[in-house]
Amino acid sequence: MKITSVEFKKAILNLKDAPKDRKPEIAFAGKSNVGKSSLLNALFNRRNLAKTSNTPGKTRTINFFEVNSKFYFVDLPGYGYAEVSKELQEKWGELMFEYLTGRETLKLMVVLIDSRHGPNERDIQLIDFLDEQQIPTLLVATKIDKLSNSQRRPHLEMIRKSLNLDEDAIILPFSAVTKEGVAPLWKIIEDVLKGG
Ligand code: GDP
């Protein structure tokens, strides 16, 4: 896909403030520090589109980026950072719940899992919830450059097992450093957008 424009549209704390123009949305989620900002920057070949943060977990907003004036990339707040207060965690949960249950324009959820550590309890909860809601989901294994060639397969297998995934379910290896996965991820996004 040729990217002609990408523009930060808005950051919201309440779903009622989300864009109302009904453009299709591709959303990105994962625990804090998983490499979400780096992935978004790699997709757009930008250094600082989505800020890579030094204080993970502090961003509670849902951020909308408009691409080619045609669709949105939705950057969902990172989860599972211990320092965040219970109150903030609950607010996070409410906003995510609202977004994931009430957004007809959501076409694909891209869930990022750190390829070294695999999914934690929160990741598993999210993926089960997406499954229940029948939201199309793509799993991306981030920071794949940190694994040696011999570690790759067992780690991807471990992720597959801990999520109870079928043999043919896609877990896309990705690295913001080597850019592995950028082209296949764009291809999947393009197909999803074409399909609906
Ligand atoms: P976010 O909190 O999910 O947005 O994560 P960031 O994109 O800010 O990344 C968290 C940390 O992981 C930063 O220090 C990044 O430089 C590092 N990181 C992100 N992606 C990669 C990657 O693909 N490979 C490596 N080696 N490090 C990465």
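Structural data are supplied above this passage.
Residues numbered from 1 in each chain as written. Predicted model: local features only at pLDDT ≥ 70, side-chain atom pairs only at ≥ 80, totals over all residues. Heavy atoms only, no water.

Let us now look at helix α3 (residues 121-132). Across its twelve residues, α3 extends 16 Å between first and last C-alpha, which sits within 8% of the 16 Å expected from 1.5 Å per residue. Buried within α3 we find D123, L126, I127, F129 and L130. The buried residues of α3 occupy one face: seen down the axis, they fall within an arc of 160°. Turned more than 90 degrees from where α3 packs its buried face, E121, D131 and E132 sit exposed. Of the residues that open α3, the one with a side-chain oxygen 3.0 Å from the backbone nitrogen of R122 is N120. Positive backbone phi, at 55°, marks Q134, one or two positions downstream of α3. (Helix = DSSP H or I, 4+ residues; strand = E, 2+ residues; numbered from the N terminus. Expected span 1.5 Å × (residues − 1). Buried < 20%, exposed > 50% of the residue type's maximum accessible area, 1.4 Å probe, protein only. Arc of directions from axis to C-beta. Polar contact = N/O pair within 3.5 Å; in protein donor to acceptor, adjacent residues only side chain to side chain.)

So, about the environment of L76. Tracing the sequence through the fold places L76 in the loop between β4 (71-75) and α2 (86-102). The class for L76 is buried, based on a relative accessible area of 1%. Sequence separation between L76 and L165 is 89 residues, and the spatial gap between their C-alpha atoms is 23 Å. Among residues more than four places away in sequence, those in contact with L76 are A27, F28, A29, K36, I62, M96, Y99 and M109. (Contact = heavy atoms within 4.5 Å.)

We now examine the site of the ligand. Of all residues adjacent to the ligand, which total 15 residues, the nearest are K36, S37, S38, D145 and A176. Here an oxygen atom of the ligand sits 2.9 Å away from a polar atom, N or O, in the main chain of G35. Residue composition of the shell around the ligand, by class: three nonpolar, eight polar and four charged. (Near = heavy atom within 4 Å. Nonpolar A, V, L, I, M, F, W, Y, C, P; charged D, E, K, R; others polar.)

A word on helix α1 (residues 36-44). Burial within α1 is extensive, with eight of its nine residues counted as buried. Three or more residues of α1 are buried, namely K36, S37, L39, L40, N41, A42, L43 and F44. N45 sits one or two residues past α1 and shows a positive phi near 55°.

Right, let's get into the environment of S5. Along the chain, S5 falls in the segment before β1 (6-12). Judged by its relative accessible area of 29%, S5 is partly exposed. For the pair S5 and F65, spaced 60 residues apart in the sequence, the C-alpha separation amounts to 9.9 Å.

Further remarks concern the sheet that holds strand β3 (residues 62-67). Across a sheet, paired strands are connected by hydrogen bonds in the backbone, their directions being either parallel or antiparallel. The seven strands lie next to each other as β1-β3-β4-β2-β5-β6-β7, forming an open sheet whose pairing is mixed. Each edge of the open sheet carries a strand with a single partner, namely β1 and β7 (171-173). The mean angle between the axes of side-by-side strands here comes to 25°, regardless of whether they run parallel or antiparallel. With four bridges connecting them, strand β2 (residues 25-30) and β4 associate as parallel partners. Residue E25 lies in a different strand from β4, and its bridge partner there is Y72. (Pairing = 2+ DSSP bridges. Axes fitted to C-alpha atoms, helices over the stretch in contact; angles between N-to-C directions.)

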